[in-house]
Amino acid sequence: MKEIVLNASQKSVITCGEGAFEKIAPLVKAQKSFLLTDSNVFELYGGLIRQTFGNTPCYVLPAGEENKNFARLGEILSAMGEAELLRTSCLFALGGGVVGDIGGLAAALYMRGIKCVQIPTTLLAQVDSSVGGKTAVDMGGIKNLVGAFYQPELVFADPMFFKTLPVREIKCGLGEIVKYAGLDAEIYREVVKHKDNLYDLSFLAEITYACISHKANVVRKDERETGLRKSLNMGHTTGHAYELYDKKMSHGEYVLVGMWYETEIAKRKGFCKEEYANSLQELVRAVLGKIPVLDEACLKGALMDKKNEKAGVVTFVAPVSKGIFDLVKLPYEEYVAEILKAAEAIQC
Ligand code: ADP
Ligand code: ZN
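Keep in mind that this is a model prediction, so the values were computed, not measured.

## Examining the site of ligand 1
So, point 1. The environment of ligand 1 is made up of 16 residues, and the closest members are Asp38, Gly97, Thr121, Thr122 and Thr164.
So, point 2. Those elements that provide at least two residues to the shell around ligand 1 are α2 (39-44) and α5 (97-109).
So, point 3. The element that contributes the greatest number of residues to the shell around ligand 1 is α2, accounting for three residues.
So, point 4. Residue classes in the shell around ligand 1 are distributed as eight nonpolar, six polar and two charged.

## As for the domain arrangement of the protein chain
So, point 1. Each domain of the protein chain was delimited in the assignment, giving domain 1 (2-164) and domain 2 (167-347).
So, point 2. Between the C-alpha centres of domain 1 and domain 2 there is a distance of 27 Å.
So, point 3. For the pair domain 1 and domain 2, the two sides together bury roughly 2300 Å², of which 65% comes from carbon and sulfur.
So, point 4. Contact with domain 2 buries area across many residues of domain 1, yet Leu123, Val127 and Phe149 alone supply 25% of it, more than any other trio.

## Quick notes on the coordination of the zinc ion (ligand 2)
Under perfect tetrahedral coordination by four donors, a metal shows angles of 109.5 degrees; under perfect octahedral coordination by six donors, it shows angles of 90 or 180 degrees.
So, point 1. Those donors, Glu176 (OE), His236 (NE2) and His251 (NE2), are the protein atoms that reach the zinc ion (ligand 2), and they lie 1.9 to 2.2 Å from it.
So, point 2. Spacing between the donor residues of the zinc ion (ligand 2) along their common chain follows E-x59-H-x14-H. With His236 in helix α10 (residues 236-246) and His251 in helix α11 (residues 251-268), the pair connects residues that are 15 residues apart, well separated along the chain.

## Points about the environment of Thr121
So, point 1. Inspection of the secondary structure puts Thr121 in the loop between β6 (115-120) and α6 (123-129).
So, point 2. The exposure class assigned to Thr121 is buried, which follows from its relative accessible area of 5%.
So, point 3. A sequence separation of 111 residues divides Thr121 from Gln10, and the C-alpha atoms of the two residues are 24 Å apart.
So, point 4. With sequence-adjacent residues up to four places away left out, Thr121 is seen in contact with Val41, Leu94, Gly95, Gly96, Gln126, Phe161 and Leu165.
So, point 5. Only 3.4 Å separates the side chain of Thr121 from the backbone nitrogen of Gly96, close enough to count as a polar contact.

## Looking at the packing of aromatic side chains
What describes a pair of aromatic rings is the distance from one ring centre to the other and the angle between the planes of the rings.
So, point 1. All told, the structure shown has seven aromatic pairs when counted by the stated rule.
So, point 2. Ring geometry for Trp260 against Tyr261: centres 5.2 Å apart, planes inclined by 75°, an arrangement best described as edge-to-face.
So, point 3. Members of the aromatic cluster, connected to one another through ring pairs, are Phe21, Tyr45 and Phe161.
So, point 4. Above the plane of the ring of Tyr209 lies Lys2, whose end atom (NZ or CZ) is 4.3 Å from the centre.
So, point 5. We note Lys179 situated over the ring of Tyr180; from NZ or CZ to the ring centre the distance is 4.7 Å.

## Brief notes about the pattern of salt bridges
So, point 1. Applying the stated criterion across every chain, the model contains 23 salt bridges.
So, point 2. Its salt-bridge partner being Lys68, residue Asp101 comes within 2.7 Å of it at the nearest N-O pair. In this pair, Asp101 sits in helix α5 while Lys68 sits in the loop between β4 (58-61) and α4 (70-82), placing the two residues 33 residues apart along the sequence.
So, point 3. Measuring nitrogen to oxygen at the nearest pair gives 3.5 Å for the salt bridge that ties Asp246 to Lys248.
So, point 4. Residue classification places Lys248 among the exposed residues on the basis of a relative accessible area of 65%.

Criteria and thresholds
- Residues numbered from 1 in each chain as written.
- Chains lettered and ligands numbered in written order.
- Predicted model: local features only at pLDDT ≥ 70, side-chain atom pairs only at ≥ 80, totals over all residues.
- Heavy atoms only, no water.
- Near = heavy atom within 4 Å.
- Helix = DSSP H or I, 4+ residues; strand = E, 2+ residues; numbered from the N terminus.
- Nonpolar A, V, L, I, M, F, W, Y, C, P; charged D, E, K, R; others polar.
- Domains from an automatic or database assignment.
- Buried area = accessible area lost by both parts, 1.4 Å probe.
- Donors = N, O, S within 2.8 Å, 3.2 Å for Na, K, Ca; no water.
- Buried < 20%, exposed > 50% of the residue type's maximum accessible area, 1.4 Å probe, protein only.
- Contact = heavy atoms within 4.5 Å.
- Polar contact = N/O pair within 3.5 Å; in protein donor to acceptor, adjacent residues only side chain to side chain.
- Phe/Tyr/Trp six-rings, centres within 6.5 Å; stacked < 30°, edge-to-face > 60°.
- Lys NZ or Arg CZ within 6 Å of the ring centre and 35° of its normal.
- Salt bridge = Lys/Arg side-chain N within 4 Å of Asp/Glu carboxyl O.

Right, here's the structure in full:
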């Protein structure tokens, strides 16, 4: 078990590894607490929840992204009010990215902000969404439209939760892990080394710590995503655009599709050495399998990407060499033409 201090002055600490969950019970007892979890986690871990949280007031969110909405946020806040939480109380968000996002926002809003402890239970939430203080709900079909930056005081990332994850959920988390491999030379080496056993739980526990450390280093330097934090969006420009259009796969799978295409563009345009680009693309294939053939209709969303600074110009994060990356800006027409060339390369 290791600790990562995200922010010493605001006291934001991430505890990562086997045994992290055991640290929670004394915290629950020490203050007025509230538990938010989802119906699947509640069912799978009922015994453990009762042991740790006793009769702490609790809201169980029905599982699924469709519940990450304003109406549910209102219900959670009402339940917090009914539980008579005070400014000094603490919300514990136990679950995947959905629980973490809506729970973080509820903690940010209740009495203008109470303490929040994140206990991510999916691989995706541990390596990515639970660290960094982004909270949100979806609205009008737009993901994360309403939210706030609000750092949890503590994060407990315990790999014991991976044991019950369906393969598809692990694959989703691996999408973000391959993204980190494109940003961090050490993670790249580890992932390449384990290419044939990426689903091994002890590998996942190790790599989770490395990914969280990488993200914590980035967030420490750029909490509000004005610069370096944009790098964490590697694969997401094309990935998000296709996700918006297709809506059939998991977020991590779309990130992998985006990684493959954006690496291909970086290679063709000479930003990225061929050998390195090929090895990143091989990693993508090792997790994703077949790469889908994109056409222009799949790409419209790239115009709305939050990294874009100028209308009609698409920004993406290109791998350059191990641990090195660059923000690339291309006029939309050129971006589309490049993606289509890359798509042709898949077909032949
Ligand atoms: P994310 O993939 O962003 O973390 P969710 O919060 O929607 O998204 O979690 C994905 C699904 O996995 C949900 O149905 C959730 O209930 C379920 N889930 C969360 N943690 C676990 C776990 N440890 N084991 C099995 N299923 C889980
Ligand atoms: Zn992502």
